[in-house]
Amino acid sequence: MSNTIPKRDHFSSKFGVIAAVAGSAVGLGNIWRFPYVAGENGGGAFLLIYLAFIALIGVSVMLSEFVIGRSAQRNALGSFKKLAPGTPWFLVGSMGIVAAFVILSFYSTVAGWTMEYVVSSLLNRFQEKDPSQVNQMFEQFIAHSWRPVFWQILFMFLTGWIVWAGVKKGIERYTKLLMPLLLFIIIILGIRSVTLPGAMEGLHFLFYPDFSQLTGNSILQALGQAFFSLSVGMGALITYGSYIRKSENLGTSAFQISFADAIIAILAGVAIFPAVFAFGIEPGSGPGLVFVTLPNIFGQMPGGYFFGILFFILLTVAALTSSISVLEVVVAYMSEELNLSRHKATLLATGAITLLGLLCTISWGMGKEWTLMEMTVFDMMDSLSANILLPLGGLLIVIFTGWTLKSQVVKQEISNNGALKAPLFQIYYFIVKFIAPLAIAIVFLDNIGLLNV
Ligand code: PFF
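An account of the accompanying structure is given in this report.

**Considering the overall build of the chain**
Turning to step 1, where the next piece is worked out: A count of helical and extended segments in the chain gives 19 helices and 0 strands.
Turning to step 2, where the next piece is worked out: The C-alpha atoms of the chain give 21 Å as radius of gyration, which agrees with the globular expectation for 453 residues (22 Å, within 12%).
Turning to step 3, where the next piece is worked out: Along the first, second and third principal axes, the C-alpha atoms of the chain reach 65 × 50 × 40 Å.
Turning to step 4, where the next piece is worked out: Looking at the 453 residues of the chain, the share that counts as buried comes to 58%.
Turning to step 5, where the next piece is worked out: Long-range pairs, those at least 24 residues apart, make up 82% of the contacts in the chain with a sequence separation of at least 6.
Turning to step 6, where the next piece is worked out: Put simply, the chain shows about 18100 Å² of open surface, and 68% of that area lies on carbon and sulfur atoms.
Turning to step 7, where the next piece is worked out: Of the side chains in the chain, 25 bear a positive and 22 a negative charge, and the two mean positions are spaced by 17 Å.

Now the structure itself:
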């Protein structure tokens, strides 16, 4: 082997791959973002379109990212340089790195809120509070001068520390045990939520598709949420793909992970919306939705004190296993392309993202007034990533896989050089070449008013 190719770390087992990628996919996107965006976009019809986007496009973008990363054995930007040298395709990788900064800046704000809720649950601060008091506590907290900032910095520190520890040891260790436990608590929460008086209205809201509620913008938001939730469109899974061993089955992994991710979002919806209606909370109340809903459910269930603490701890862990995959995009890029040591790269990236993140955090308090088109810094980062950068990145990734990479290369990667049958390859390839690019392009064009559909 030539000594210019650094030896890459690889996930050590089948479970390692699934655990790490699922750890990236399952996070605040499922439990915090999905309910709040679905709530703002009318519920049932949004859910249906979101699921259709996952099944039809999301899985294929995920598989394409795996193919790109594992065949190139490089970071998000380096992969494009290696597979299409001398072309502008590397810009897709650069966009992914920008997206990593943008996403982690507001993601760490919300992860910080989650950590505060661990402590608030421990101290039983929500006890005997009615929904409006819980709401008030949330609003006071997010606008507080230093508490949310403190938690955000701590969260970024933890993220940086895990990435510093390296791919295999850092990532696999944390994901394997805790996610099934989180799933278990979400199910218990769902059971409590649907048995609250008035809960049926919430189930109706979530599952009854009322298409009159949908606008072109909701469709773009459903696409963006699908991508955000699956961690696709910015090269996180190109980077992780490059750590997947050559013997793993990429297609099955993409399918199973996407399926699990969608189920967890639905279960989160089942836990949240019945309670939202039972407690008279406004479903479209925005990013605070789960933080004002959940403490009320815990307050109304046996063992709620312990479940509450455990839930917010596990949600913090779920956020961490996602945030490390975002930071890894930047660190892998800096260390492989800019020749920084991994440690230096981790320090630099973590520091820079934390600074940007502080703007998002304080945009709920003293920075409330810094708005552009009625959006605060937090709203801008949230919407820029999910509604623009990820769909655009996803579009370019499928075009690259379908039209620039040779079909034999793609087929070889998916079939592990012919060792696997890959029976659905033709369908996947058709989606990547035609359906996904067209669908994403139509959603975009419709949104900027260029189409009248
Ligand atoms: N998929 C993560 C979640 O649902 O919380 C968020 C995320 C991680 C988005 C990694 C993008 C990414 F590259």
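**Notes on the site of the ligand**
Turning to step 1, where the next piece is worked out: Taken together, the neighbourhood of the ligand is formed by 16 residues, with Ala25, Gly29, Tyr107, Phe228 and Ser231 sitting nearest.
Turning to step 2, where the next piece is worked out: Here an oxygen atom of the ligand sits 3.1 Å away from a polar atom, N or O, in the main chain of Leu28.
Turning to step 3, where the next piece is worked out: Between the ligand and Tyr107 there is a distance of 2.4 Å, counted from an oxygen atom to a side-chain nitrogen or oxygen.
Turning to step 4, where the next piece is worked out: Within the residue set of the shell around the ligand, elements represented by two or more residues are helix 1 (14–25), helix 2 (28–40), helix 5 (90–122), helix 11 (216–230) and helix 15 (304–337).
Turning to step 5, where the next piece is worked out: Residues belonging to the shell around the ligand are distributed by class as follows: 8 nonpolar, 8 polar and no charged.

**Some thoughts on helix 13 (residues 250–278)**
Residue pairs three or four apart in sequence face the same way in an α-helix, which turns once every 3.6 residues.
Turning to step 1, where the next piece is worked out: Its 29 residues give helix 13 an end-to-end C-alpha distance of 43 Å, which sits within 8% of 42 Å, the value for a rise of 1.5 Å per residue.
Turning to step 2, where the next piece is worked out: Regarding helix 13, its N-cap is Asn249, as a side-chain oxygen of that residue lies 3.2 Å from the backbone nitrogen of Gly251 further along.
Turning to step 3, where the next piece is worked out: Looking one or two residues beyond helix 13, the residue adopting positive phi is Gly280, at roughly 70°.

**Looking at the environment of Gly39**
Turning to step 1, where the next piece is worked out: Inspection of the secondary structure assignment puts Gly39 in helix 2.
Turning to step 2, where the next piece is worked out: Look at Gly39 and you get buried, because its relative accessible area is 8%.
Turning to step 3, where the next piece is worked out: As for Gly39 and Ile272, which are separated by 233 residues in sequence, their C-alpha atoms are 9.9 Å apart.
Turning to step 4, where the next piece is worked out: With residues up to four places along the chain from it excluded, the contact list for Gly39 reads Phe205, Phe273, Pro283 and Gly284.

**Some remarks on empty space enclosed by the protein**
Turning to step 1, where the next piece is worked out: Inspection of every chain in the model, using the stated rule, returns 2 cavities of 30 Å³ or more.
Turning to step 2, where the next piece is worked out: A volume near 130 Å³ is recorded for the largest cavity.
Turning to step 3, where the next piece is worked out: As for the largest cavity, its lining consists of 17 residues, and the residues nearest its centre are Ser24, Ile103, Phe228, Ser231 and Val326.
Turning to step 4, where the next piece is worked out: Mapped onto the lining of the largest cavity, the elements with two or more residues apiece are helix 1, helix 5, helix 11 and helix 15.
Turning to step 5, where the next piece is worked out: Here the second largest cavity defines a volume of roughly 40 Å³.
Turning to step 6, where the next piece is worked out: As for the second largest cavity, its lining consists of Ile31, Ile186, Leu189, Ala268, Ala271, Ile272, Leu294 and Phe311.
Turning to step 7, where the next piece is worked out: Residue assignment for the lining of the second largest cavity shows that the elements contributing at least two residues are helix 9 (178–194) and helix 13.
Turning to step 8, where the next piece is worked out: In terms of residues, the lining of the second largest cavity owes the most to one element, helix 13, which gives 3 residues.
Turning to step 9, where the next piece is worked out: Residues belonging to the lining of the second largest cavity are distributed by class as follows: 8 nonpolar, no polar and no charged.

**Some remarks on the packing of aromatic side chains**
Turning to step 1, where the next piece is worked out: For the coordinates displayed, the defined rule picks out 34 aromatic pairs.
Turning to step 2, where the next piece is worked out: Ring geometry for Tyr117 versus Phe138: centroids 6.5 Å apart, planes at 75°, classification edge-to-face. Of this pair, Tyr117 sits in helix 5 while Phe138 is found in helix 6 (residues 131–142), placing the two residues 21 residues apart along the sequence.
Turning to step 3, where the next piece is worked out: Aromatic pair Phe425 and Tyr429: ring centres 5.4 Å apart, planes at 20°, arrangement stacked. Here Phe425 and its partner Tyr429 are both found in helix 19 (residues 425–447), 4 residues apart, which amounts to about one turn of the helix. Pair check on accessibility: Phe425 and Tyr429 agree, each one buried.
Turning to step 4, where the next piece is worked out: Above the plane of the ring of Trp403 lies Lys433, whose end atom (NZ or CZ) is 4.0 Å from the centre.

**Focus on the packing of helix 5 against helix 7 (residues 147–164)**
Turning to step 1, where the next piece is worked out: As a packed pair, helix 5 and helix 7 sit with axes 7 Å apart at the nearest point and diverge in direction by 110°. Of the possible angle classes, the one that applies to helix 5 and helix 7 is roughly perpendicular. Here Leu104, Ser105, Ser108, Thr109, Ala111, Gly112, Trp113, Met115, Glu116 and Val119 of helix 5 come into contact with helix 7, specifically with Arg147, Pro148, Trp151, Gln152, Leu154, Phe155, Met156 and Leu158.

Thresholds, definitions, all that
Residues numbered from 1 in each chain as written. Predicted model: local features only at pLDDT ≥ 70, side-chain atom pairs only at ≥ 80, totals over all residues. Heavy atoms only, no water. Helix = DSSP H or I, 4+ residues; strand = E, 2+ residues; numbered from the N terminus. Rg over C-alpha atoms; globule rule 2.2 N^0.38 Å. Buried < 20%, exposed > 50% of the residue type's maximum accessible area, 1.4 Å probe, protein only. Contact = heavy atoms within 4.5 Å. Areas by Shrake-Rupley, 256 points an atom, 1.4 Å probe, with all protein chains shown as cover. Lys, Arg positive; Asp, Glu negative; His and termini not counted. Charge placed at Lys NZ, Arg CZ, Asp CG, Glu CD. Near = heavy atom within 4 Å. Polar contact = N/O pair within 3.5 Å; in protein donor to acceptor, adjacent residues only side chain to side chain. Nonpolar A, V, L, I, M, F, W, Y, C, P; charged D, E, K, R; others polar. Expected span 1.5 Å × (residues − 1). 1 Å grid on protein atoms, 1.4 Å probe; cavity = no way out; pocket = protein on both sides within 12 Å on 5 of 7 lines; lining within 4 Å. Points joined across faces, edges and corners; volume = space filled by probe spheres on them. Phe/Tyr/Trp six-rings, centres within 6.5 Å; stacked < 30°, edge-to-face > 60°. Lys NZ or Arg CZ within 6 Å of the ring centre and 35° of its normal. Axes fitted to C-alpha atoms, helices over the stretch in contact; angles between N-to-C directions. Parallel < 35°, antiparallel > 145°, perpendicular 65-115°, else oblique.

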